[in-house]
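The chain contents come next:
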Amino acid sequence: MLILNLGCGTKTSDKSGVVNIDWSIYLRLKRSVLLRPFVPFVVSGERRARFARLADSIVVHNLAKGIPFADDSVDVVYHSHMLEHLDREVASHFLIEARRVLKPGGIHRIVVPDFEQACRAYLAHVAACEQDPAEVANHDSYVGELLEQSVRREAAGTSQQRWFRRIAENMLLGDARRRGETHQWMYDRFNLKNLLIKCGYNDVSVQSYNTSQIVSWAAYGLDVNDTGTQYKPGSLYVEARK
């Protein structure tokens, strides 16, 4: 079975048949003979460790130029927390491109932040604030779950660096949007299903992190941590067929 893990970042699978594809700025830096020596000067701490963990097997490809596979050639297309980073019109083109490479009956598995779940948590905290004024001190974190990653200008990791690294990173890597870090839209079980149907998909279903129509999906480990727990809490899992 051929599975494409698109926009994989550091979450890759080494199982046979999985092709991990990404175009992150850190991956391009790692692949660049000219720029790689400068990385230790501008990337530190956990991000430097994450940089070092980037698998050599990742295919470096800009998905804005399409998916580099033939029509009707792929069994599964998978991506996690990527679709929300695309502009809405780009998202439609991307879903259609993914459908192109899928075999008839192939499955597209999509993981995105669950906007409905975040809204329910926000409203529950509104009620908590009404009952206990002390809860107001924590309320911005619930607003942030809805808005922060859509409005941030500077990349989150860069904003925590000392002034020299901060200036160097912003010059070298650009702002949050240039790095693809900002959310351009949000999805719930209704608008994502509707979008998939508009893009020609069938049999759209909501799954969970440990359920799937894909045979032996759990064995690939893409939606779980090393301990078997959910990798991205607060996510919506949707599958659709070509």
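These lines cover the structure that appears in this document, whether it is placed above or below. These numbers come from a predicted model, not from an experiment. (Residues numbered from 1 in each chain as written. Predicted model: local features only at pLDDT ≥ 70, side-chain atom pairs only at ≥ 80, totals over all residues. Heavy atoms only, no water.)

Secondary structure assignment for the protein chain yields nine helices and seven strands. Evaluated residue by residue, the protein chain yields a buried proportion of 41% over its 242 residues. A fraction of 74% describes how many contacts in the protein chain between residues 6 or more apart in sequence connect residues 24 or more apart. Of the roughly 13,100 Å² that the protein chain leaves accessible, carbon and sulfur atoms contribute 55%. (Helix = DSSP H or I, 4+ residues; strand = E, 2+ residues; numbered from the N terminus. Buried < 20%, exposed > 50% of the residue type's maximum accessible area, 1.4 Å probe, protein only. Contact = heavy atoms within 4.5 Å. Areas by Shrake-Rupley, 256 points an atom, 1.4 Å probe, with all protein chains shown as cover.)

A large share of strand 4 (residues 74–80) lies buried, amounting to six of its seven residues. Note: strand 4 against strand 5 (residues 102–113), six bridges, orientation parallel. Across the sheet, Val-77 pairs through a bridge with His-108, a residue of strand 5. In terms of handedness, the path from strand 4 via helix 4 (residues 88–101) over to strand 5 forms a crossover that is right-handed. (Pairing = 2+ DSSP bridges. Right-handed = clockwise from strand over helix to strand, strands pointing away.)

With that out of the way, let us pick up the side chain of Arg-152. Take Arg-152: it is sitting in the loop between helix 6 (139–151) and helix 7 (156–159). Among the polar contacts made by the side chain of Arg-152, one reaches the side chain of Glu-181 at a distance of 2.4 Å. Once residues within four sequence positions are removed from consideration, Arg-152 is found in contact with Ala-176, Glu-181 and Thr-182. (Polar contact = N/O pair within 3.5 Å; in protein donor to acceptor, adjacent residues only side chain to side chain.)

Let's shift gears to the packing of aromatic side chains. Scanning the model with the defined rule gives two aromatic pairs in all. When the centroid spacing of 5.1 Å and the interplanar angle of 50° are considered together, the rings of Tyr-78 and Trp-217 count as tilted. One end of the pair, Tyr-78, is in strand 4; the other, Trp-217, is in the loop between strand 6 (202–207) and strand 7 (235–241), and 139 residues separate them in sequence. Measuring from centroid to centroid gives 5.8 Å for Trp-217 and Tyr-220, while their planes differ by 35°, and the two rings are tilted. Tyr-220 shares its class with Trp-217; the two are buried. Cluster of aromatic residues (ring-pair linked, three or more members): Tyr-78, Trp-217 and Tyr-220. Across from the ring centre of Trp-185, 3.8 Å away, lies the NZ or CZ of Arg-88, which sits over that ring. (Phe/Tyr/Trp six-rings, centres within 6.5 Å; stacked < 30°, edge-to-face > 60°. Lys NZ or Arg CZ within 6 Å of the ring centre and 35° of its normal.)

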